[in-house]
Amino acid sequence: KNEVEQSPQNLTAQEGEFITINCSYSVGISALHWLQQHPGGGIVSLFMLSSGKKKHGRLIATINIQEKHSSLHITASHPRDSAVYICAVWRGSQGNLIFGKGTKLSVKP
Amino acid sequence: KAGVTQTPRYLIKTRGQQVTLSCSPISGHRSVSWYQQTPGQGLQFLFEYFSETQRNKGNFPGRFSGRQFSNSRSEMNVSTLELGDSALYLCASSLDLIISGNTIYFGEGSWLTVV
């Protein structure tokens, strides 16, 4: 079993829909990152969370440390949000960043 | 402000050879980290350098090594290349160590094909 699991693996939405991507982890962590990867490889760091909730524009990220779960929400989705969204956790005890397999999001106009 | 620059962008090597990849971080950034991305394994953390010292390391064999220079530029070396080393190698930089919470900025990556 992977230490970081994301769901769903693939997600297709209509423009304007509210989107949720989930990340569950089974190890102790000091922080969790959400990344966005566009076709061609470019990766953008969206959030780093150690507790609570962060918001940036139409993106909201939450983390529940007790339940070892994080969610990334996109409000009013747009075709330009189409990308792979990757969750990564920082295992402070090992100094290692462990990645989920990613969620491929496609937003149709 | 220039972003993270990786060179070369594409390269083809033969099994058994070695390869060196270069990364120039954003000016003022002191942390450089390296990652491998393959279709099968996804993204994997290789190591993180800060102030010319390797501070954190992922689960890769000793064939994968790196270094950081006094100007924060970093190089990654893979010796005795195997077919399975074919991957996109990404470099990222941040003001401080990853754990500090500063934003991580990624380069476009170096595509390595081993034949």
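Residues numbered from 1 in each chain as written. Chains lettered and ligands numbered in written order. Predicted model: local features only at pLDDT ≥ 70, side-chain atom pairs only at ≥ 80, totals over all residues. Heavy atoms only, no water.

**Description of the overall build of chain B**
Looking only at helices and strands, one finds zero helices and 11 strands in chain B. Walking chain B from its N terminus toward its C terminus, one meets helices and strands in the order β-β-β-β-β-β-β-β-β-β-β. The C-alpha atoms of chain B give a radius of gyration of 13 Å, which matches the 13 Å a tight globule of 115 residues would have. Across its three principal directions, the C-alpha atoms of chain B cover 35 × 25 × 25 Å. (Helix = DSSP H or I, 4+ residues; strand = E, 2+ residues; numbered from the N terminus. Rg over C-alpha atoms; globule rule 2.2 N^0.38 Å.)

**Re the interface of chain B and chain A**
Listed as interface residues are 23 residues of chain B and, on the opposing side, 19 residues of chain A. Both faces combined, the contact of chain B with chain A buries some 1600 Å², and carbon together with sulfur accounts for 61% of it. Looking at the side of chain B facing chain A, the largest losses of area belong to L43, I99 and F106 of chain B, adding up to 32% of the total buried there. Our count for the contact surface shared by chain B and chain A stands at zero salt bridges. Only β4 (31-38), β5 (42-50), β6 (53-57) and β9 (87-94) of chain B provide two or more residues apiece to the side of chain B that touches chain A. Here the side of chain B that touches chain A gets five residues from one element, more than from any other, and that element is β5 of chain B. (Contact = heavy atoms within 4.5 Å. Buried area = accessible area lost by both parts, 1.4 Å probe. Salt bridge = Lys/Arg side-chain N within 4 Å of Asp/Glu carboxyl O.)

**Things to note about the sheet that holds strand β8 (residues 69-74) of chain A**
Residues and elements named next belong to chain A. A sheet is described by the order of its strands in space; here five strands give the open sequence β1-β3-β8-β7-β6, paired in antiparallel fashion. Strand pairing shows two members of the sheet lacking a second neighbour, β1 (4-7) and β6 (52-56), which therefore form its edges. Averaged over all neighbouring strand pairs, the angle between strand axes comes to 15 degrees, with direction disregarded. (Pairing = 2+ DSSP bridges. Axes fitted to C-alpha atoms, helices over the stretch in contact; angles between N-to-C directions.)

**Some remarks on unusual backbone geometry**
In the segment running from S7 of chain A into P8 of chain A, the intervening peptide bond is cis, with an omega of -10 degrees. Within the secondary structure, P8 of chain A is located in the loop between β1 and β2 (10-14). With phi around 75 degrees, S72 of chain B is a residue other than glycine that occupies positive phi space. Here S72 of chain B lies in the loop between β7 (64-68) and β8 (74-78).

**A word on the nonpolar core**
Of all hydrophobic cores here, the largest spans 25 residues; its most connected members are I19, L32, W34, L72 and Y85 of chain A. Only β2, β3 (19-25), β4 (31-37), β5 (43-49), β7 (59-64), β8, β9 (83-91) and β11 (103-108) of chain A provide two or more residues apiece to this core. Core analysis: the second largest hydrophobic core is formed by 21 residues, V19, I26, W34 and Y89 of chain B among them. (Core = buried A, V, L, I, M, F, W, Y, C linked by side-chain atoms within 4.5 Å. Buried < 20%, exposed > 50% of the residue type's maximum accessible area, 1.4 Å probe, protein only.)

**Topic: the environment of S94 of chain B**
Residue and element names in this part refer to chain B. Mapped onto the fold, S94 is located in strand β9. C-alpha separation for the pair S94 and P25, spaced 69 residues apart in sequence, amounts to 8.0 Å. Leaving out residues up to four positions away in the same chain, S94 has contacts with H29, R30, S31, N102, T103 and I104.

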